[in-house]
Amino acid sequence: MSQKSVNAIKVLGVDAINKAKSGHPGVVMGAAPMAYSLFANHLRVNPKKENWINRDRFVLSAGHGSMLLYSLLHLSGFEDVSLEEIKNFRQWGSKTPGHPEFGHTKGVDATTGPLGQGVSTAVGMALAERYLAAKYNKEGYNLFDHYTYVICGDGDIMEGVASETASFAAIQKLNKLVVLYDSNDICLDGETKDAFSESVRKRYEAYGWNTILVEEGSNVDAISKAIEEAKKSDKPTLIEVKTIIGAGSPNKQGTNGVHGAPLGEEETALFRKEIGWEYDLFEIPTEVYADFKEKVANRGEAACKSWEKLYDDYKAKYPELASELEEVLSRKDIERLSKESFGFKNVGEAQATRNSSQDAINSIAAVLPTFFGGSADLSHSNMTFIKGEGLQDNENRVARNVQFGVREFGMATILNGLMLHGGVRVFGGTFFVFSDYLKAALRLSALQNLPVTYVFTHDSIAVGEDGPTHEPIEHLASLRTIPNTYVFRPADATEAQAAWYLSQKVNNKPTSLVLTRQNLPILENTSFEKVSKGAYVVYETSSDFDTILIATGSEVALAVDAARELEKEGSKVRVVSMPSVELFEEQSKEYKEELLPRSVRRRVSLEMGNTALWYKYVGLDGLAIGIDNFGASAPANKVIEEYGFTVAKVVERIKNEL
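Residues numbered from 1 in each chain as written. Predicted model: local features only at pLDDT ≥ 70, side-chain atom pairs only at ≥ 80, totals over all residues. Heavy atoms only, no water.

- The protein chain is annotated in an unreviewed UniProt entry as Transketolase from Gemella sanguinis.
- The UniProt entry for the protein chain carries the following comment under Catalytic activity (unreviewed entry): "D-sedoheptulose 7-phosphate + D-glyceraldehyde 3-phosphate = aldehydo-D-ribose 5-phosphate + D-xylulose 5-phosphate".
- Heading Subunit (unreviewed entry) of the UniProt record for the protein chain holds this comment: "Homodimer." (UniProt positions renumbered as here; feature names shortened; annotations may be inferred.)

This is the structure in structure tokens:
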């Protein structure tokens, strides 16, 4: 029976890809036996309750092989992936897009496609399982006790981010992470030997992984035994499964010709004959559905019901813990957090917003029970350390500081995995200029609607002596172009803590906090509440103002001082702090007009970064004061002065250019 079910996975994939005239049949045909072995013998999922918290997670990191996953979900009984949706593969509005999309299709645990990110995201899932198990499990009540499984390919293994997170997983001894490596020696451009030649298993052994070799990738039983062996290890496990890409295609198997193009009608007929498949197009025999129902759906449903009984008993014995757990799983724990949770300093005091962020992190940690995070080896520069907590590792599983190491990209993918798992709130930090290293993962945070908080410090040329390699210029503009994100650049401690508060209230998008190293004065009119508007007035002496200055971050104080100087010469100035462009864009037309009335055309923006965005608000007849070239190395005050961010130089430019 297992061979017929394996063949059904292959044929569904081939038929759907042929119909779409687009897709990647090779991985479906080659990896079908390992996928079937995993689903039929090990994976615990309940198609009727696809979000059951103690289900096993499955990540198809080789997301281009999405029809492998859709075939499995369809045969297992996930209602989103009907046979009609299989036929609509890669079509507008279908539940079967070209690469799997979390939140779009029930049963898909992660959005994958950009190679390396799927296997790296899985590391975060495994970390979340371990953390929640340590925090909430009690003797006889293993509420969190599941595995994270991955199928990845050569491309995933070649990507650097997979190496970053493999090293991290080994250090953390994430033994409930099992990676099935579809090792077929073929990549898109040809044979993998032309691109990499190292022994992957030896490399992973060097990281500290358990490794297993399955020499015959079509042997379902051998693969199942390997998975069983992996589950007994005290380390993460890489199972290298030697497969043939496009297995069963007489003329294309074992070649890159079957990687990313449909088989076509003629070759498909030969393939069907080769595997003895005599059914019509998209026809699946009833015994295959019965096989999947018994081995996947019924087994998963029974496991789910058993867990629900366990949880009911847990609630009776540990009501307070159960109540807390339900709050964190539903994110209702945010109701515990309010403005009063934060400590505020007096107007006129000075503090770097990275330090204000540190205060906020510790205020939040005191209230939200599963809030934790870390930094890419910069926690004492990013100020991301939760006081009174040690480093999280295999011996200290509920500690709330994670040392991600110098792995910015890996850190961000792990954060995504933590949030995809659920039950935690997480953040990660690095210098703002290094946001480039992780932007691909931040983009997936946004695409998957994941409320990850990114802490980016050293936000401008005020970095000073470290020079242009460490001074972000284009980075604010770049982050602001990513859909479904919030970017905050707070002007002082008040705005910084408000930004943190708002980041925790968000449930459907990531937040980036862009923070200073240098001290900023706490301004008289900044408002915790008004930050939620994205922009608001912080200074104005006359209601009939004729000039508007718009600023963010450290430049807000500069704008206020410049306004006072302009007023001495007869101008009437309104200063607007715009900590979040995205939040401002969400406001009503009426609010936008009230804040930036169209009748006032004398407008100036102040921000130590790329000016492209600001013409939207100042117009072509306005003045965008920023930086459109790289920075320089010198003491911070000197760099700031040379780039024109002093009261005298700002006033001079406004007088001369407007």
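### As for the UniProt feature "domain: Transketolase-like pyrimidine-binding" (unreviewed entry) in the protein chain
Move 1: Here the UniProt-annotated "domain: Transketolase-like pyrimidine-binding" (unreviewed entry) positions come out as residues 351-522.
Move 2: Structurally, residues 351-522 is divided into 37% helix and 19% strand, and its ends, taken at the C-alpha atoms, are 8 Å apart. (Helix = DSSP H or I, 4+ residues; strand = E, 2+ residues; numbered from the N terminus.)

### Quick word on the sheet that holds strand 1 (residues 57-60)
Move 1: Read from one edge to the other, the open sheet built from 5 strands follows the order 1-2-3-7-6, with strand pairing classed as parallel. A single partner strand is all that each edge strand has here, and the edge strands are strand 1 and strand 6 (210-214). Between one strand axis and the next, the sheet turns through 15° on average, direction left out of account. (Pairing = 2+ DSSP bridges. Axes fitted to C-alpha atoms, helices over the stretch in contact; angles between N-to-C directions.)

### Here we look at the pairing of strand 3 (residues 177-183)
Move 1: A large share of strand 3 lies buried, amounting to 7 of its 7 residues.
Move 2: Here strand 3 shows two buried faces, one formed by Leu177, Val179, Tyr181 and Ser183 and the other by Val178, Leu180 and Asp182.
Move 3: As paired elements, strand 2 (residues 148-153) and strand 3 share 6 bridges and run parallel to each other. Bridging from a neighbouring strand, Val150 pairs with Val179 of strand 3. (Buried < 20%, exposed > 50% of the residue type's maximum accessible area, 1.4 Å probe, protein only.)

### Considering the sheet that holds strand 10 (residues 401-403)
Move 1: The 6 strands are arranged 10-9-11-12-14-13 in an open sheet whose pairing can be described as parallel. Each edge of the sheet is formed by a strand with only one pairing partner; in this case those strands are strand 10 and strand 13 (486-488). Across the sheet, the mean angle separating the axes of adjacent strands is 20° when strand polarity is ignored.
Move 2: The pairing of strand 12 (residues 453-457) with strand 14 (residues 511-514) spans 4 bridges and is classified as parallel. If you follow Tyr454 over to strand 14, its bridge partner there is Ser512.

### So, the layout of surface pockets
Move 1: In this structure, the largest pocket occupies an estimated 550 Å³ of space.
Move 2: For the lining of the largest pocket, the secondary-structure elements that each account for two or more residues are helix 12 (319-330) and helix 15 (408-421).
Move 3: Looking at the lining of the largest pocket, the element that brings in the most residues is helix 15, giving 3 residues.
Move 4: For the lining of the largest pocket, the class distribution of residues is 10 nonpolar, 11 polar and 8 charged. (1 Å grid on protein atoms, 1.4 Å probe; cavity = no way out; pocket = protein on both sides within 12 Å on 5 of 7 lines; lining within 4 Å. Points joined across faces, edges and corners; volume = space filled by probe spheres on them. Nonpolar A, V, L, I, M, F, W, Y, C, P; charged D, E, K, R; others polar.)

### Topic: the pattern of salt bridges
Where charged atoms from two side chains of opposite charge approach closely, those side chains can pair.
Move 1: Going through the model one piece at a time under the given rule, you end up with 36 salt bridges.
Move 2: Its salt-bridge partner being Asp291, residue Lys295 comes within 2.9 Å of it at the nearest N-O pair. Within this pair, Lys295 and its partner Asp291 are both found in helix 11 (residues 286-317), separated by 4 residues, close to a single helical turn.
Move 3: Judged by its relative accessible area of 25%, Lys295 is partly exposed.
Move 4: Taking the relative accessible area as the measure of exposure, Asp291 reaches 5% and is therefore buried.
Move 5: One salt bridge in this structure joins Arg574 and Glu540, with 2.4 Å as the shortest N-O distance. Here Arg574 is found in strand 18 (residues 573-577), whereas its partner Glu540 is found in strand 16 (residues 536-540), with 34 residues between them in sequence.
Move 6: Each of Lys48, Glu301 and Lys305 takes part in one network of salt bridges that share partners. (Salt bridge = Lys/Arg side-chain N within 4 Å of Asp/Glu carboxyl O.)

### Side note on the packing of aromatic side chains
Move 1: The tally for this structure, following the rule as stated, stands at 30 aromatic pairs.
Move 2: Taking 5.2 Å as the distance between ring centres and 85° as the angle between the ring planes, the aromatic pair formed by Tyr204 and Tyr207 counts as edge-to-face. Of the two residues, Tyr204 and Tyr207 are both situated in helix 8 (residues 200-207); the distance of 3 residues between them amounts to about one turn of the helix.
Move 3: Both rings, one in Phe342 and one in Tyr501, keep their centres 6.4 Å apart while their planes meet at 85°; by these two values the pair is edge-to-face. (Phe/Tyr/Trp six-rings, centres within 6.5 Å; stacked < 30°, edge-to-face > 60°.)

### Looking at empty space enclosed by the protein
Move 1: Scanning the entire structure with this criterion turns up 3 cavities of 30 Å³ or more.
Move 2: Of the voids in this model, the largest cavity is the one considered here, and its volume is about 90 Å³.
Move 3: Taken together, 13 residues line the largest cavity, and the ones lying closest to its centre are Val45, Leu73, Phe78, Gly107 and Asp109.
Move 4: For the lining of the largest cavity, a count of residues per class yields 7 nonpolar, 2 polar and 4 charged.

### Some thoughts on the nonpolar core
Move 1: Judged by nonpolar contacts, the single largest core of 74 residues is most densely connected at Phe371, Trp500, Leu549 and Val575.
Move 2: In terms of residues, this core owes the most to one element, helix 19 (residues 555-568), which gives 8 residues.
Move 3: The residues touching Leu549, leaving out its near neighbours within four places in the chain, are Ala559, Ala562, Ala563, Leu566, Val573, Arg574, Val575, Val576, Val604 and Ile654.
Move 4: Judged by nonpolar contacts, the second largest core, of 72 residues, contains Trp52, Val161, Ala162 and Val426. (Core = buried A, V, L, I, M, F, W, Y, C linked by side-chain atoms within 4.5 Å. Contact = heavy atoms within 4.5 Å.)

### Points about the pairing of strand 6
Move 1: With 4 of 5 residues buried, strand 6 lies mostly within the body of the structure.
Move 2: Looking at chain direction, strand 6 and strand 7 (residues 237-242) are connected through 5 bridges and run parallel. By the bridge assignment for strand 7, Thr211 is matched with Leu238.
Move 3: What joins strand 6 to strand 7 is helix 9 (residues 220-230), and the crossover it makes is right-handed. (Right-handed = clockwise from strand over helix to strand, strands pointing away.)

### Side note on the packing of helix 5 (residues 117-136) against helix 15
Helix-helix packing is described using two parameters, namely the angle between the two axes and the distance between the axes.
Move 1: One can describe the packing of helix 5 onto helix 15 by two numbers: an axis separation of 6 Å at closest approach and a directional angle of 55°. Classified by the interaxial angle, the pair formed by helix 5 and helix 15 is oblique. The crossing of helix 5 and helix 15 is right-handed. Across from Gln117, Ser120, Thr121, Val123, Gly124, Met125, Leu127, Ala128, Glu129 and Leu132 in helix 5, the residues of helix 15 making contact are Phe409, Thr413, Ile414, Asn416, Gly417, Leu418, Leu420 and His421. (Parallel < 35°, antiparallel > 145°, perpendicular 65-115°, else oblique. Left-handed = near helix turned anticlockwise from the far one by under 90°.)

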